[in-house]
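Analysis of the macromolecular model
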Amino acid sequence: MSHLPTLTPADFGTGTCGREPAGGGTPCGAPATWHVGWLRNEEGGLRNSLACDAHMAEARDQFVYRGRHRVSADCGMPGTVWMTGRCGVLKAE
Ligand SMILES: [Zn+2]
Ligand SMILES: [Zn+2]
């Protein structure tokens, strides 16, 4: 028996571009390379999404976003917060 906790993958961490075609349809599904932070929603949370290179370029041309960084393993970790230039876990005091 192992005493290590069972890690449940965050549903966020599928690692694929979620860009849907205009008018609906199947999300892009290409491997995501960028993590994009959008404007805050009504609850004060930061809306965010994953994008591939092509759709990052499209988003850069068409939309205003708060920040972006390369997708890293931390992006999909539970409890991570958006920091300038990356995602990370705040140290518990
Ligand atoms: Zn894409
Ligand atoms: Zn991230």
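Criteria and cut-off values
- Residues numbered from 1 in each chain as written.
- Chains lettered and ligands numbered in written order.
- Predicted model: local features only at pLDDT ≥ 70, side-chain atom pairs only at ≥ 80, totals over all residues.
- Helix = DSSP H or I, 4+ residues; strand = E, 2+ residues; numbered from the N terminus.
- Contact = placed C-beta atoms within 7 Å.
- Pairing = 2+ DSSP bridges.
- Axes fitted to C-alpha atoms, helices over the stretch in contact; angles between N-to-C directions.
- pLDDT = per-residue confidence, 0-100.
- Buried ≥ 20, exposed ≤ 12 C-beta atoms within 10 Å, placed from the backbone.
- Core = buried A, V, L, I, M, F, W, Y, C linked by C-beta atoms within 7 Å.

The next point concerns the overall build of the chain. A tally of regular secondary structure across the chain gives one helix and five strands. The secondary structure elements of the chain, listed N-terminal to C-terminal, are β-β-α-β-β-β. A separation of at least 24 residues holds for 40% of the contacts in the chain among residues at least 6 apart in sequence.

Once that is clear, we can look at the sheet that holds strand 1 (residues 34–40). Across the sheet, which stays open at both edges, the three strands sit in the order 2-1-3 with antiparallel pairing between neighbours. Each edge of the sheet is formed by a strand with only one pairing partner; in this case those strands are strand 2 (46–51) and strand 3 (67–70). Mean inter-strand twist for the sheet, computed between neighbouring axes without regard to direction, equals 20°. Here four bridges tie strand 1 to strand 3, and the two strands are oriented antiparallel to one another.

Below, the discussion takes up the pairing of strand 4 (residues 80–83). Bridge count for strand 4 against strand 5 (residues 86–89) is four bridges, and the pairing is antiparallel. When the bridges of strand 5 are listed, Met83 appears paired with Arg86. Connecting strand 4 to the antiparallel partner strand 5 that follows it, the hairpin turn spans two residues, and Gly85 within it adopts a positive phi of roughly 85°.

Moving on: the confidence of the model for the chain. Looking at the chain as a whole, its pLDDT mean stands at 81, while 84% of the residues score no less than 70. Considering each helix and strand of the chain separately, the mean pLDDT is smallest for strand 4, with a value of 83, and largest for helix 1 (residues 53–62), with 94. Scored below 50 in pLDDT, residues 9–13 makes five contacts in the model with residues more than four places away or belonging to other chains.

As a further point, take the environment of Ala51. Within the secondary structure, Ala51 sits in strand 2. A residue is classified by how many C-beta atoms lie within 10 Å of it, and Ala51, with 25 of them, is buried. Sequence spacing of Ala51 and Gly29 is 22 residues, and the spatial spacing of their C-alpha atoms is 9.1 Å. Among all residues touching Ala51, those that are not within four sequence positions of it are Cys17, Arg19, Ala32, Trp34, Val36, Met56 and Ala59.

Right, let's get into the nonpolar core. With ten residues, the main nonpolar core is built from Cys17, Ala32, Trp34, Val36, Leu50, Ala51, Cys52, Met56, Val71 and Cys75. Listing elements by their share of this core, those giving two or more residues are strand 1 and strand 2.

The subject of this paragraph is the pairing of strand 1. Bridge analysis of strand 1 against strand 2 gives five bridges, and the strand direction is antiparallel. Residue Arg40 lies in a different strand from strand 2, and its bridge partner there is Leu46. The turn joining strand 1 and strand 2, which pair antiparallel and follow one another in sequence, is formed by five residues; a positive phi near 90° is taken by Gly44.

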